[in-house]
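Summary of structural features
The chain contents come next:
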Amino acid sequence: MTAFTLDAYCDLIADLTGKGYRIADFHDADPKRQDLILRHDLDFSIRTALPMARIEADHGWKATYFVLARSPMYGIHTPDSSEALSQILGLGHEVGLHFDASNYANDRDALETAAGREAALLEDAIGKPVRTVSFHRPAESLLGYDAPLAGRVHAYQPRYFREMGYCSDSRGAWHHGTPQDHPAVAARTALQLLTHPIWWTSETPGDPVATLDAFRTGRDRQLAQAIADNCEPYRNRVDSAE
Ligand SMILES: [Zn+2]
């Protein structure tokens, strides 16, 4: 299997556009056409998505980047996230809400309220409307959930999940077959392609554990720097260790 690298990603999308696919989004894709939705869920980091966002923009491809509004992995209001989000938007991509519904799966009112609240948080962070939602690690009961969510379309509505093909690189591999092998591609109908940029921008492609360990090491270094910047005894300790 081809390793997950940015070059391989470009080859994959170019192969699909070469077969007649048009890059679409959640608002204009038609399940019956050769429309290709490029979806990215940012589970660990916003910044690691930037190389992918840039390379897509270089090719004229527009994608939707889904961001967690409440996550232990990153904040959406930190200076680093704000800058990364404005770069993604500046490259012409859409930013949507990546929503962890695990606490609300059996309570539709609570689900609506929480999704609306998180969308408002993200709208405040990016300064523009959030029009699209994707569930983070959705419960079985939410796959094919047909109503919009807090007035917004979401990626597991039947239109995007059953009426069109759906292919994902979850856990760092094509566990359910490659996009090219998907029946929708043979049938020349629409495809929602979910990729997680962290797997495609790694120094150790194909090794999810090493990729996440490297991510952790980088985050620890950032945290140490931030602590040193804000606390003199820690800064002196770091300086004397060098
Ligand atoms: Zn996710």
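Above: the structure in question.
Overview of the structure. Because the structure is a prediction, the values reported are computed rather than measured. (Residues numbered from 1 in each chain as written. Predicted model: local features only at pLDDT ≥ 70, side-chain atom pairs only at ≥ 80, totals over all residues. Heavy atoms only, no water.)

Digging into the overall build of the protein chain
The secondary structure content of the protein chain amounts to nine helices and eight strands. In terms of overall dimensions, the protein chain is globule-like: its C-alpha atoms have a radius of gyration of 19 Å, near the 18 Å expected for 242 residues. Over its C-alpha atoms, taken along the principal directions, the protein chain stretches across nearly 65 × 45 × 30 Å. By residue count, 46% of the 242 residues in the protein chain fall in the buried class. Of the roughly 12000 Å² of accessible surface on the protein chain, 50% is carried by carbon and sulfur atoms. The centroid of the 24 positive side-chain charges in the protein chain is displaced by 3 Å from the centroid of its 34 negative side-chain charges. (Helix = DSSP H or I, 4+ residues; strand = E, 2+ residues; numbered from the N terminus. Rg over C-alpha atoms; globule rule 2.2 N^0.38 Å. Buried < 20%, exposed > 50% of the residue type's maximum accessible area, 1.4 Å probe, protein only. Areas by Shrake-Rupley, 256 points an atom, 1.4 Å probe, with all protein chains shown as cover. Lys, Arg positive; Asp, Glu negative; His and termini not counted. Charge placed at Lys NZ, Arg CZ, Asp CG, Glu CD.)

Here's the deal with the coordination of the zinc ion
Protein-derived ligands of the zinc ion are Asp43 (OD), His98 (NE2) and His136 (ND1), with the metal-ligand distances lying across 2.1 Å. All donors of the zinc ion belong to a single chain; written as a sequence motif, their spacing is D-x54-H-x37-H. Of this pair, Asp43 sits in the loop between strand 2 (35-42) and helix 2 (50-59) while His98 is found in strand 4 (residues 94-99), placing the two residues 55 residues apart along the sequence. Considered together, Asp43 and His98 belong to a single accessibility category, that of buried residues. (Donors = N, O, S within 2.8 Å, 3.2 Å for Na, K, Ca; no water.)

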